[in-house]
Structure formats: C-alpha cells, structure tokens
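# Observations on the three-dimensional arrangement
Listed here are the chains, written in short residue letters.
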Amino acid sequence: GIAIALGCNVELPIEMPGVLNAGAGSIGLLRSEFMFMNRSDIPGEEEQFHILKDIVEAMDGRTVTIRTLDIGGEKLAQSITEDIGEIAQSALGLRGIRLSLKMPHLLEAQIAAILRAGALGPVRILLPMVSTVREVIKTREVIKRVAAKLKRKKVAIAHPLPPVGVMIEVPSAAL
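For the structure given in this document, a descriptive report is provided here. Values in this document were obtained by computation on a predicted structure and should not be read as measured data.

The next point concerns the sheet that holds strand β4 (residues 123–127). Each strand in a sheet pairs with its neighbour through backbone hydrogen bonds, running either in the same direction (parallel) or in the opposite one (antiparallel). Read from one edge of the open sheet, five strands run β1-β2-β3-β4-β5, paired in parallel fashion. Edge positions in the open sheet fall to β1 (7–10) and β5 (164–166), since each of these has one partner strand only. This sheet shows a mean twist of 25° between the axes of neighbouring strands, independent of strand direction. Pairing analysis gives four bridges linking strand β3 (residues 64–67) to β4, with the strands arranged parallel. Residue pairing in the sheet places Thr65 in a bridge with Arg124 of β4.

Structure representation (structure tokens):
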C-alpha cells in the first residue's frame, strides 16, 4: 500500500523513450556532461537550453534533476580540460563543481540554460564532487546572479528558483 516513485538516470537524450516507457516519475540524475564530450568546442547557453528544453518538455511536468558539469577523472572533454592538464584526470582533482567554479563562464552558461528550461517544467540542480559548504554558497551566488541577469532581460526562468542539492561522493563532504 505504499507508493514508490521511480526516477531514472539519464546519460544521453536518446534514452528518453526508455525513461517514458519505464513509467519514470522523474529523472533523478541527468548527466549534463554529454553536451561537452566528444567535441572540439564548448556548447553555449543557447545550445544547452535547447537540449534541456527537449528533455524537460518530454517529461511532461515530472521533475528533472540536472547535474552540473562533471568533467574529469575518466570523463574528459578535451575542449575544457586541454588547458588544465593532469589535474583534471585525477579522480579527486580539479573536477565537478571545483572545475565549474574555476571556469565561471561555463557555470554561468549552464545555470542560465537550466533556469530557462525550468520555466517549462520542474527542474532541480545537483552539484557534483562537492567538498566544502563554501562551494555550495558560491554556486548559489552564481545562480542568483544569473537569475537576476535573465530577469532584467525579461527571459522566462524557473520560478521559484530550482532547489539545489549536492552529491556526497568526496571524503571531505562525507566527513
């Protein structure tokens, strides 16, 4: 007599028919790095928005949790990591939210795309590889700043702003 909701993890948009056929109540984790991998350039806000828009609309009112960029370790995107070097290849090196905060233009474009897609259906933001509370605070500041900029331009965004969560996958975060 207890309802159990099924949320799917999605790596690529081509998986969406399977998500819908499985009867998923949500996307519990959309791995956004697919937009950055296997290409020589970095997708801008507009391209990311259109990809996320299609996914959010396909979920027809069901929540989509979008993990911000998690490049590094075994997941490399040459267009981003070529200037960083070996530190991006380390499992606990400069990756996840640490990399995004070091490259604010990447984070701001991704947050803008997520906020815009959130005007079309419920989204949540999930931060990867968080090690400190300060990283979350800085990211929340970016979200507020990007939201204010989009509002000034009269661009439709998620209202209220999406909830922000973190992945506890780094020893310092667990402690």
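That was the structure; now back to the text.
To continue, consider the pattern of salt bridges. A full pass over the atoms with the stated rule returns ten salt bridges. A salt bridge links Arg67 to Glu33; the shortest N-O distance between them is 2.5 Å. You can see Arg67 sitting in strand β3 and its partner Glu33 sitting in the loop between β2 (26–31) and α2 (45–58), a full 34 residues away along the chain. No difference in accessibility class separates Arg67 from Glu33, as the two residues are buried. Connected via shared salt-bridge partners are Glu33, Arg67, Asp70 and Arg95.

Calculation criteria
- Residues numbered from 1 in each chain as written.
- Predicted model: local features only at pLDDT ≥ 70, side-chain atom pairs only at ≥ 80, totals over all residues.
- Heavy atoms only, no water.
- Pairing = 2+ DSSP bridges.
- Helix = DSSP H or I, 4+ residues; strand = E, 2+ residues; numbered from the N terminus.
- Axes fitted to C-alpha atoms, helices over the stretch in contact; angles between N-to-C directions.
- Salt bridge = Lys/Arg side-chain N within 4 Å of Asp/Glu carboxyl O.
- Buried < 20%, exposed > 50% of the residue type's maximum accessible area, 1.4 Å probe, protein only.

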